[in-house]
Amino acid sequence: MELKRVEDGVHALREDGVRIGYVSCSPLGEHAWSIDHTVVSPDYQGQGVAAMLIRELVNMARDEGLKLRPVCSYAKVQFERHPDYVDVLLSS
């Protein structure tokens, strides 16, 4: 599996390039994004793909100096479980 950064988030791709999941964001100003959706194909659920997508998005935010606001329920849970993500969390 490959994690590919795209303009509005991160995609998870199989070895043949087929997308099996994604996390999508929308802008909240110049240096902040809202995490809107985390989706994984049913055949790949329960394998940690969604967690990898969120982790890659957090790394992307760090690399690009962005803050993130988790809106989707899965992203909210991941931010609660990972206090090490606090550096990219957008304050209310």
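Anything mentioned here points back to the structure above.
Described below are features of the structure shown in this document.

What counts and how
Residues numbered from 1 in each chain as written. Predicted model: local features only at pLDDT ≥ 70, side-chain atom pairs only at ≥ 80, totals over all residues. Heavy atoms only, no water. Core = buried A, V, L, I, M, F, W, Y, C linked by side-chain atoms within 4.5 Å. Buried < 20%, exposed > 50% of the residue type's maximum accessible area, 1.4 Å probe, protein only. Helix = DSSP H or I, 4+ residues; strand = E, 2+ residues; numbered from the N terminus. Contact = heavy atoms within 4.5 Å. Right-handed = clockwise from strand over helix to strand, strands pointing away. Salt bridge = Lys/Arg side-chain N within 4 Å of Asp/Glu carboxyl O.

1. A word on the nonpolar core
Thought 1: With 23 residues, the main nonpolar core has Ile35, Ile54, Leu57, Leu68 and Phe79 as its most contacted residues.
Thought 2: When residues of this core are traced back to their parent elements, those giving at least two are β2 (9-13), β3 (19-27), β4 (32-40), α1 (49-64) and α2 (73-81).
Thought 3: Among the elements that line this core, the one with the most residues is α1, at 8 residues.
Thought 4: If we ignore the near neighbours within four places in the chain, the residues touching Leu68 are Trp33, Ile35, Leu57, Val58, Ala61, Phe79, Val88, Leu89 and Leu90.

2. Examining the pairing of strand β5 (residues 67-70)
Thought 1: Here β5 shows a buried face lined by Leu68 and Pro70 and an unburied face lined by Lys67 and Arg69.
Thought 2: Chirality of the crossover, the property in question, places the unit of β4, α1 and β5 among those that are right-handed.

3. Some details on the pattern of salt bridges
Thought 1: One pass over the full model with this rule turns up 4 salt bridges.
Thought 2: In this structure, Asp63 engages Arg5 in a salt bridge whose closest nitrogen and oxygen atoms are separated by 2.9 Å. Highlighted residues: Asp63 in helix α1 and Arg5 in strand β1 (residues 2-6), separated in sequence by 58 residues.
Thought 3: When salt bridges with common partners are traced through the structure, they connect Arg5, Glu56 and Asp63 into a single cluster.

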